[in-house]
Amino acid sequence: MSKSDTDIIKDIEHRVRQFVTDNDLPQPGSRLIAGLSGGADSTALVAILVALGYDVVAAHCNFRLRGDESLRDSRHAREVARLLDIDIHVRDFDVPGRMAATGESLEMACRSLRYDWF
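Rules of the game
- Per-chain numbering applies: the sequence of each chain, read as written, is numbered from 1 onward.
- In view of the model being predicted, local features appear only for residues whose pLDDT reaches at least 70, and side-chain atom pairs are presented and counted only at 80 or more, with totals across whole chains, interfaces and linings using the full set of residues.
- With hydrogens and water stripped out, all remaining heavy atoms of the structure feed into the side-chain values.
- Under the rule applied, a polar contact is a pair of N or O atoms within 3.5 Å (in protein, one hydrogen donor and one hydrogen acceptor; residues adjacent in sequence only if both atoms are side-chain atoms).
- Put simply, DSSP H or I for four residues or longer makes a helix, DSSP E for two residues or longer makes a strand, and each gets a number counted from the N terminus.
- The axes used here are C-alpha line fits, helices contributing only the stretch in contact, and every angle between their N-to-C directions lies in the interval 0 to 180 degrees.
- To sort the angles, those under 35 degrees are grouped as roughly parallel, those over 145 as roughly antiparallel, those from 65 to 115 as roughly perpendicular, and the leftovers as oblique.
- A contact between two residues is defined here by any heavy atoms of the two lying within 4.5 Å.
- Under the scheme applied here, ten amino acids are nonpolar (Ala, Val, Leu, Ile, Met, Phe, Trp, Tyr, Cys and Pro), four are charged (Asp, Glu, Lys and Arg), and all others, including Gly, are polar.
- The pairing criterion is simple: DSSP has to find at least two bridges between the two strands.
- Definition used in this section: a nonpolar core is a set of buried Ala, Val, Leu, Ile, Met, Phe, Trp, Tyr and Cys residues joined via side-chain atoms within 4.5 Å.
- Residue burial is assigned from relative accessible area. The probe radius is 1.4 Å, only protein chains are included, and a residue is buried under 20% of its type maximum, exposed over 50%, and partly exposed in between.

## Focus on helix α4 (residues 95-102)
Taking the backbone nitrogen of Gly97 as reference, a side-chain oxygen 2.9 Å away marks Asp94 as the first, capping residue of α4. Residue Gly103 follows α4 closely and has a positive phi angle near 80°.

## Observations concerning the packing of α4 against helix α5 (residues 106-117)
Taken N-terminus to C-terminus, the directions of α4 and α5 make an angle of 105°; their axes are 9 Å apart at the nearest point. Looking at the two axes, α4 sits roughly perpendicular to α5. Packed against α4, whose contacting residues are Val95, Arg98 and Met99, the element α5 presents Leu106, Ala109, Cys110, Ser112, Leu113 and Asp116 at the interface. Classifying every residue of the contact of α4 with α5 gives six nonpolar, one polar and two charged.

## A look at the sheet that holds strand β3 (residues 87-92)
Reading across the sheet, the three strands line up as β1-β2-β3 and stay open at both edges, with parallel pairing between neighbours. Every interior strand has two partners, whereas the edge strands, β1 (31-35) and β3, have only one. On average, adjacent strands in this sheet sit at an angle of 20° to one another, irrespective of strand direction. Relative to strand β2 (residues 55-62), helix α3 (residues 68-84) is tilted by about 170°, and along the sheet it contacts β2 and β3.

## So, the nonpolar core
Membership of the largest hydrophobic core comes to 14 residues, with the highest contact counts inside it found for Ala34, Leu36, Val46, Leu49, Tyr54, Val56 and Ile86. Mapped onto this core, the elements with two or more residues apiece are α2 (40-51), β2 and α3. Ignoring any residue separated from it by four or fewer positions in sequence, one finds Ile86 in contact with Val46, Val50, Val56, Ala58 and Ala81. Cys61, Phe63, Phe93 and Cys110 belong to the second-largest nonpolar core, a separate cluster that totals seven residues.

Written out as structure tokens, the structure is:
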């Protein structure tokens, strides 16, 4: 017998709540900044954190590496934030400029820019 979507969501929320408790992490009601790429994983995480009662602020990095697809991700992240009624901060980055200035690889430049901003 398979679980319904509602049961699956409740199970995930329970597991996240238990993980928070078991690892002495900030409790619901705390303000958290969550990276919101626009993909399924980060969208689900933000939705679960909101459902658990966290005061979530979304942060979306637009590295502008995939043209229209990057713009779609930014629009989606903004729409998710609107639907969840949370604040979102979006920042565009100059990845090629960072790479030229530091000699970092594409992946490292993106990571450095993201971590510096967060």
